[in-house]
Amino acid sequence: MDKLLIRGGRQLHGEVRISGAKNAALPEMCAALLTDETVNLLNVPRLHDVATMRRLLDNMGVRTETHGERGGLSLQAGAPIKPEAPYELVKTMRASVLALGPLLARFGEATVSLPGGCAIGSRPVDQHIRGLQAMGAEIVVEHGYMIARLPQGRTRLQGARITTDMVTVTGTENLMMAATLAEGETILENAAQEPEIADLAAMLIKMGAQIDGQGGSRIRVKGVEKLHGCTHQVVADRIEAGTFLCAVAATGGDVLLQHGRADHLDAVIDKLRDAGVSVTAMEGGIRVQSPGAGSGRLKAQSFRTTEYPGFPTDMQAQFMVLNCIAQGPSLATETIFENRFMHVNELIRLGANIQIDGKVSMVEGVEKLSGATVMATDLRASASLVIAGLVADGETQVDRIYHLDRGYDQMEIKLRGIGADIERVK
């Protein structure tokens, strides 16, 4: 099992390229199921989850092929397609549920395994099921599978007004994709507003879909009979960009994040600026400059995670590291997932002063962290431990980094390119 060895204390300087967003690439790969023509995706990140989604689509009969140097992937879902997503593949990646809507909309049936548990908390799929049922689908859950089909005599889903009980990103994506081929108009109320949803909508529109309102809480989709292929570039990963922002903020230095989108990170950037970090939106990227750890000039910042455009739960762990070595106390309130403080005990091993009370973590900044062996528990926790290792005195070993490989494209190589002393050990 791979590990990362990090020798902390080095500032970061130079340029780093931000990869395409995993959370955009995965639904966009599933959107290829909506047409029998070729879909070309560009800027697809090289990640374990992307490879898993590709295996899932290959298993259905989709023809996939990589091309080009920077994340080119073509997909063609021509006949015959087996509209099934088996447990063996779905269990390793919850995003597999995104195949449900496209399969049902185009083929009139789908059998998709329930995704199972998640380390950071429950993420139920009942909103997906209720939304598709509102569009006329018949869905039963048995033997661990969602079995969906159109009623006898129906060839298309029916447009509907759907109000989800909670804001759900994958639910919004699934229902939006399904609605593109439905008969009539579908209105999604309480829709998620993440940039990845707007990016998916932009791709679907290129394929011939009629969508408006994406990026807001109400999305309208007027169904069409057929979609066609397209070429689409996956939007830059705002969470990867935010992670590098926090890494430079904590360690110090001056780095340009190529292709980073500052307009997708307003809540995080506001907190970084309040802490004393310089963040500048530039043409083609984001520049971050920080005095670094131990200077006494970084000020701790309290924050509360919430749905976009609020402070993202996927940045909670990384920003907490900055608070660990900043001046003063801070509170981090986690409102999205119930088990997302699992990185705290590992940060304490590095010398952080943190206490947890339910959904709130209380951090008192210390002058320095010290290297130790720590264990990653989930994707964003992995990133936080890497940042902590970069700022800690001595050597830090991060175990179980397969979590990191699910969501970060060659993170240690990128960090080494801007001055970090970090290596992967087999």
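Please read these numbers as outputs of a predicted model, since none were measured by experiment.

Thresholds, definitions, all that
Residues numbered from 1 in each chain as written. Predicted model: local features only at pLDDT ≥ 70, side-chain atom pairs only at ≥ 80, totals over all residues. Heavy atoms only, no water. Salt bridge = Lys/Arg side-chain N within 4 Å of Asp/Glu carboxyl O. Helix = DSSP H or I, 4+ residues; strand = E, 2+ residues; numbered from the N terminus. Buried < 20%, exposed > 50% of the residue type's maximum accessible area, 1.4 Å probe, protein only. Pairing = 2+ DSSP bridges. Contact = heavy atoms within 4.5 Å. Axes fitted to C-alpha atoms, helices over the stretch in contact; angles between N-to-C directions. Parallel < 35°, antiparallel > 145°, perpendicular 65-115°, else oblique. Nonpolar A, V, L, I, M, F, W, Y, C, P; charged D, E, K, R; others polar. Expected span 1.5 Å × (residues − 1).

Draft legend 1. Region of interest: the pattern of salt bridges. For the structure on display, the rule yields 22 salt bridges. Of the charged contacts, one joins Asp49 and Lys22 as a salt bridge, the two residues approaching to 3.3 Å between their closest N and O atoms. Pair noted here: Asp49 is in helix H2 (residues 48–60) and Lys22 is in helix H1 (residues 22–31), with a separation of 27 residues, a long-range link. Across the pair, exposure class does not vary: Asp49 and Lys22 are buried alike.

Draft legend 2. Main features of the sheet that holds strand S18 (residues 303–304). The sheet built from four strands is open, its strands ordered S18-S19-S21-S20 with mixed pairing. The sheet is open, and its two edges are formed by S18 and strand S20 (353–357), each paired on a single side. Inspection of the sheet shows S18 paired to strand S19 (residues 329–333) by two bridges, in the parallel sense. Paired with Arg304 across the two strands is Thr333, which belongs to S19. Packing against the sheet, helix H10 (residues 316–324) makes contact with S18, S19, S20 and strand S21 (360–364), and its axis sits at approximately 30 degrees to S21.

Draft legend 3. View of the sheet that holds strand S9 (residues 145–149). The strand order across the open sheet formed by four strands is S6-S7-S9-S8, and the pairing between neighbours is mixed. The open sheet has two free edges, formed respectively by strand S6 (84–85) and strand S8 (138–142), since each of these has just one partner strand. Each of S6, strand S7 (109–113) and S9 is contacted by helix H4 (residues 100–107), which is oriented at about 160 degrees to S7, the strand it contacts most.

Draft legend 4. Inspection of the pairing of strand S5 (residues 72–76) at higher detail. With four of its five residues buried, S5 lies for the most part within the structure. Here strand S3 (residues 38–42) runs beside S5; their pairing, made up of four bridges, is antiparallel. Looking across to S5, one finds that Asn40 is bridged to Ser74. Note: strand S4 (residues 63–67) against S5, five bridges, orientation antiparallel.

Draft legend 5. Structural context of the packing of H1 against H2. The geometry of H1 relative to H2 is characterised by a closest axis approach of 10 Å and an angle of 5 degrees between their N-to-C directions. In terms of orientation, H1 lies roughly parallel with respect to H2. Here H1 contributes Lys22, Leu26, Met29 and Cys30 to the contact with H2, which in turn contributes Asp49, Val50, Met53, Arg54 and Leu57. When grouped by side-chain class, the residues that make up the contact of H1 with H2 number six nonpolar, no polar and three charged.

Draft legend 6. Fine view of helix H7 (residues 195–206). The end-to-end C-alpha separation of H7 is 17 Å, in line with the 16 Å expected for twelve residues at 1.5 Å each. Turning to H7, its buried residues are Pro195, Glu196, Ile197, Asp199, Leu200, Ala201, Met203 and Leu204. Immediately downstream of H7, the backbone of Gly208 shows phi near 110 degrees, a positive value.

Draft legend 7. Spotlight on the environment of Gln316. The residue Gln316 is located in helix H10 in this model. As a C-alpha pair, Gln316 and Ala332 span 16 residues in sequence and 7.5 Å in three-dimensional space. Dropping the residues within four chain positions of it, Gln316 is found in contact with Phe303, Thr305, Phe311, Glu334, Arg340, Phe341 and His343.

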